[in-house]
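Coordinate inspection notes
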Amino acid sequence: AFSGAASPRGAATRFLELEKPPVMNSPVFSLATLGRGGETNMNILTYASPVGIRPHRVWAVSLYRGTRSHENFAERKTGVLQLLREQHADLIYLLGGQSGRDVDKAAGCSEL
């Protein structure tokens, strides 16, 4: 079934009603960073996109402020961008749903 909504130009826009959300088919990245004492932290990125390849490969990433990952990256200006695959699904809650202030994410990854 379809439902409609008026667009700014007055034409009807049609939406398909779904029983459940569609499966997303977009890359999921994690950024590994190092803290002042050399401790590893990792997170889930909501946005990562290449913005240059020459003379160096450069990516734009989005990090939440106030997180350990943001603090580490802002201080060191470096990190390791990791493209996650389906076999890494069990890491999503650890890396994205918990704070590196409360959990040793590197140790948690080695346990999974």
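Everything below is about the structure shown above.
For clarity, every value in this text was computed on a predicted model and none was experimentally measured.

**So, the side chain of Ser-69**
Assignment of secondary structure puts Ser-69 in helix 1 (residues 68-76). Discounting chain neighbours no more than four positions away, the residues touching Ser-69 are Thr-33, Asn-41, Met-42, Asn-43 and Leu-63.

**Description of the sheet that holds strand 3 (residues 28-34)**
Across the sheet, 3 strands lie side by side as 4-3-7; this open sheet has antiparallel pairing. Taken across any chain shown, the strands that pair with only one partner, and hence form the sheet edges, are strand 4 (40-45) and strand 7 (80-84). Each strand of the sheet is rotated relative to its neighbour by a mean of 25 degrees, with strand direction disregarded. As paired elements, strand 3 and strand 4 share 6 bridges and run antiparallel to each other. If you follow Leu-31 over to strand 4, its bridge partner there is Asn-43. Across the sheet, helix 1 touches strand 3 and strand 4, and the angle it forms with strand 3 is around 60 degrees.

**Some remarks on the pattern of salt bridges**
Going through the model one piece at a time under the given rule, you end up with 2 salt bridges. Close ionic contact of Glu-71 with Arg-101 constitutes a salt bridge, the shortest N to O distance being 2.4 Å. Pair noted here: Glu-71 is in helix 1 and Arg-101 is in the loop between helix 2 (92-96) and helix 3 (105-111), with a separation of 30 residues, a long-range link. Among the residues examined, Arg-101 registers a relative accessible area of 40% and is labelled partly exposed.

**Notes on the packing of aromatic side chains**
Applying the stated criterion to the full structure yields 1 aromatic pair. When the ring of Phe-29 is compared with that of Trp-59, the centres are 5.6 Å apart and the planes differ by 65 degrees; the resulting orientation is edge-to-face. With Phe-29 in strand 3 and Trp-59 in strand 6 (residues 58-61), this residue pair connects regions lying 30 residues apart in the sequence. The exposure class assigned to Trp-59 is partly exposed, which follows from its relative accessible area of 33%.

Rules used in this analysis
Residues numbered from 1 in each chain as written. Predicted model: local features only at pLDDT ≥ 70, side-chain atom pairs only at ≥ 80, totals over all residues. Heavy atoms only, no water. Helix = DSSP H or I, 4+ residues; strand = E, 2+ residues; numbered from the N terminus. Contact = heavy atoms within 4.5 Å. Pairing = 2+ DSSP bridges. Axes fitted to C-alpha atoms, helices over the stretch in contact; angles between N-to-C directions. Salt bridge = Lys/Arg side-chain N within 4 Å of Asp/Glu carboxyl O. Buried < 20%, exposed > 50% of the residue type's maximum accessible area, 1.4 Å probe, protein only. Phe/Tyr/Trp six-rings, centres within 6.5 Å; stacked < 30°, edge-to-face > 60°.

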